[in-house]
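Examining the three-dimensional arrangement
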Amino acid sequence: MTFAITQTCCGDATCVAVCPVNCIHPAPGEPGFGTTEMLYIDPRACIDCGACADACPVDAVFPADELPAAQRHFAGINAAHFADAPPPADDHGPNFHAWGAPRFERDLPADFAPIRVAVVGTGPAGMYAAEDLLLHTNAEVTLLDRLPVAGGLVRYGVAPDHPATKRIGDTFARFHSHPRVRLHLGVEVGRDITAGELAAHHHAVVYAVGARTDRRLGIPGEDLPGSLSATTFVAWYNAHPEVAPDAVRLSGERVVVVGNGNVALDVARILLTDPDALAATDIADHALAALRAARVREVVLLGRRGPADAAYTAPELLALSHLDGVETVVDDHDPRTGEAVDGAGPDGKAGLLRGLPRERTDWSRPPAPGRRIVFRFHSAPVEVLGAGAARAVRVTEGDGHREIPAGTVLRAVGHRGEPVPGLPFDEAAGTVPHEAGRVAGAPGTYVVGWIKRGPSGGIGANRTCAAETVGTLLADAVAGRLPEPPGGAKEFRRLLRRRGRDVVDARGLAAIDRAELNKGRLTSRPRVKLATVEELRATARRVPRLTGR
């Protein structure tokens, strides 16, 4: 028997570190690591020890012969990844394996003095950086987030029907109450404190603020009611406190989603999943009620280019085929689509669509009976039509145009970083200029995650990204290049109190977690999220007082 990695793989290589026979690839340092869609287990080398399954933070690893029906194809996917690779050496287990020389990534002097590092952002990028500092150095870490709750994209970006992926948050949460961590939630740099004030109380500051806004289409009608970003839609169904419950109004039977990346697939899946199934997740109550009342039966995914250039990953596309009661079809309006699918090789993205029904859709008619997702390639939006609200999208078709009626239009064409007050910013790239994570012209200032490299890569990609940034930071510390801050941790807390900020600390965050879990137990759900800033702050304040005899 061998093990197989499945759809929820986060790619952070925790499994690689514990594998005794190096059968998981691509590993750190190998081509493709950090950019591959997922990691793979070589069935020819796996010794069935299960160490990878025990270590996986997102429950993505299972014995191949115990995979549930919806995941069984991943055994073949893992094996196919190694089809053209030379057979592994028959070393009969770890005792006979040819190991390389040991590597020590954090080679610090024995007398390395503790440094104070602020990490701005508690999503995956920030928490991987904090983890690296806490596990490999004696640094003291200040964690800040503009929201009064931790989690970032793990809490507000992962779809509610992907609970295994959310479990990476449990790995990060153990550091919130670490003895060398001070947690200050509900504090925004540029609003509550300046970048200069933060730097004045820490030897180094690492910004992990992500890419908060979405890219725009730049077409007429884009801002009509009913036309909005997928970023807003995802935040809405995940109970983000900055998105109002009435921010999304689903109108009509058809939704057009511009884009065909994983976010577009998430949106389509949530729109068409049976609300009774979503009721067992941590989806926002207001979103669940709206989806129950909605009449959406068809989601059209627009792709400007062909199926070979689609942005979704293979695991997420394959997951659609197991969506109960939902048909997936390909719009056959352009002959290039069928040619690409039929001519695709075994590793091509277009080949993943082979076997799906293809049809020419009559867009003048209501959606066909049932629920379905339509992939429409070689078709770009040119205008959102409507008087007072969206009613259709005009798209390219051959040398002309076609109107696709839709009451809701969602753009899922990527994210974009925003400037951080006090830091340089590259407007074209939407990132902060840096050298291996070191911000140009700002000693002691660093970036990690999407604000560093742009909005690419999943959760696990942030681990490698954070390792580079922390490595640069520590090299600067050892070389004496970090400025000595005039203020300390106590002065920083006093500064926040003087600003009148209602700061949530580790005890307050634990109170929020308990409240949400308790609400979930009452309704047989994993948790019920508090959906407003006021609820989060009020719950954090209700921390039991410690009393003695």
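A brief look at the structure comes next. (Residues numbered from 1 in each chain as written. Predicted model: local features only at pLDDT ≥ 70, side-chain atom pairs only at ≥ 80, totals over all residues. Heavy atoms only, no water.)

Regarding a positive patch on the surface
Among the surface-exposed residues, Lys490, Arg494, Arg497 and Arg498 lie close enough to one another that they form a single positively charged patch. Along the chain, the position of Arg494 falls in helix H17 (residues 489–498). (Patch = residues over 30% accessible without salt bridge, like charges linked within 9 Å, V, L, I, M, F, W, Y side chains within 5 Å. Areas by Shrake-Rupley, 256 points an atom, 1.4 Å probe, with all protein chains shown as cover. Salt bridge = Lys/Arg side-chain N within 4 Å of Asp/Glu carboxyl O. Lys, Arg positive; Asp, Glu negative; His and termini not counted. Charge placed at Lys NZ, Arg CZ, Asp CG, Glu CD. Helix = DSSP H or I, 4+ residues; strand = E, 2+ residues; numbered from the N terminus.)

Regarding the pattern of salt bridges
Evaluated as defined, the whole model comprises 43 salt bridges. A salt bridge links Asp214 to Arg411, with the nearest nitrogen and oxygen atoms 2.7 Å apart. Taken together, the residues span a long stretch of sequence, with Asp214 in strand S9 (residues 213–214) and Arg411 in strand S19 (residues 408–411) at a distance of 197 residues. In terms of burial, Asp214 and Arg411 fall into one category: buried. Here Asp285 and Arg525 are joined by a salt bridge, their closest N and O atoms 2.7 Å apart. Taken together, the residues Asp285 in helix H12 (residues 285–293) and Arg525 in the loop between helix H18 (506–522) and helix H19 (533–541) connect sequence positions 240 residues apart. Judged by its relative accessible area of 10%, Arg525 falls in the buried class. (Buried < 20%, exposed > 50% of the residue type's maximum accessible area, 1.4 Å probe, protein only.)

Observations concerning the pairing of strand S17 (residues 392–397)
Across 4 bridges, the pairing between strand S16 (residues 381–385) and S17 is antiparallel. What sits directly across from Leu385, in S17, is Ala392. Hairpin connection, S16 to S17: the antiparallel pair is bridged by 6 residues, and Gly386 has positive phi, about 155°. As paired elements, S17 and strand S18 (residues 400–405) share 6 bridges and run antiparallel to each other. Residue Val395 lies in a different strand from S18, and its bridge partner there is Arg402. The turn joining S17 and S18, which pair antiparallel and follow one another in sequence, is formed by 2 residues; a positive phi near 60° is taken by Gly398. (Pairing = 2+ DSSP bridges.)

Structural notes on the side chain of Arg537
Structurally, Arg537 is set in helix H19. Buried and without a salt bridge, Arg537 has Asp502 as its closest oppositely charged side chain, separated by 4.6 Å. Other than its neighbours up to four places away in sequence, Arg537 contacts Pro148, Gly186, Arg501, Asp502 and Val503. (Contact = heavy atoms within 4.5 Å.)

What about the side chain of Arg411?
By relative accessible area, which is 9% here, Arg411 ends up buried. For Arg411, the contacting residues outside a window of four places in its chain are Asp214, Arg215, Arg216, Leu217, Glu222, Leu228, Ser229, Ala230 and Val258.

Description of the sheet that holds S16
A sheet is described by the order of its strands in space; here 3 strands give the open sequence S16-S17-S18, paired in antiparallel fashion. The open sheet terminates on both sides in strands that have one partner only, identified here as S16 and S18. Strand-to-strand twist of the sheet, defined as the mean angle between neighbouring strand axes without regard to direction, takes the value 25°. (Axes fitted to C-alpha atoms, helices over the stretch in contact; angles between N-to-C directions.)

Comments concerning the packing of helix H9 (residues 230–237) against helix H10 (residues 262–272)
H10 packs onto H9 with a crossing angle of 50° between their chain directions and a minimal axis gap of 10 Å. Relative to H10, H9 is oriented oblique. Of the two elements, H9 crosses H10, and the hand of that crossing is left-handed. In this structure, H9 uses Ala230, Phe233, Val234 and Tyr237 to contact H10, whose residues at the interface are Val263, Asp266, Val267, Ile270 and Leu271. Grouping the constituent residues of the contact of H9 with H10 by class yields 8 nonpolar, no polar and 1 charged. (Parallel < 35°, antiparallel > 145°, perpendicular 65-115°, else oblique. Left-handed = near helix turned anticlockwise from the far one by under 90°. Nonpolar A, V, L, I, M, F, W, Y, C, P; charged D, E, K, R; others polar.)

Topic: the nonpolar core
Core analysis: the largest hydrophobic core is formed by 71 residues, its most contacted members being Ile24, Ile41, Ile115, Val117 and Leu473. The element best represented in this core is helix H4 (residues 124–136), accounting for 7 residues. Contacts of Ile41, omitting those with residues within four sequence positions, involve Thr2, Phe3, Ala4, Ile5, Cys23, Ile24, Cys46, Cys52, Val61, Asn78 and Phe82. Residues Tyr237, Ala310, Leu320 and Ala412 belong to the second largest nonpolar core, which totals 45 residues. (Core = buried A, V, L, I, M, F, W, Y, C linked by side-chain atoms within 4.5 Å.)

Re H12
Inspection of H12 places His286, Ala287, Leu288 and Leu291 among the buried residues, and these make up the whole buried set. Packing partners of the buried residues in H12 comprise H9, H10 and helix H11 (275–278).

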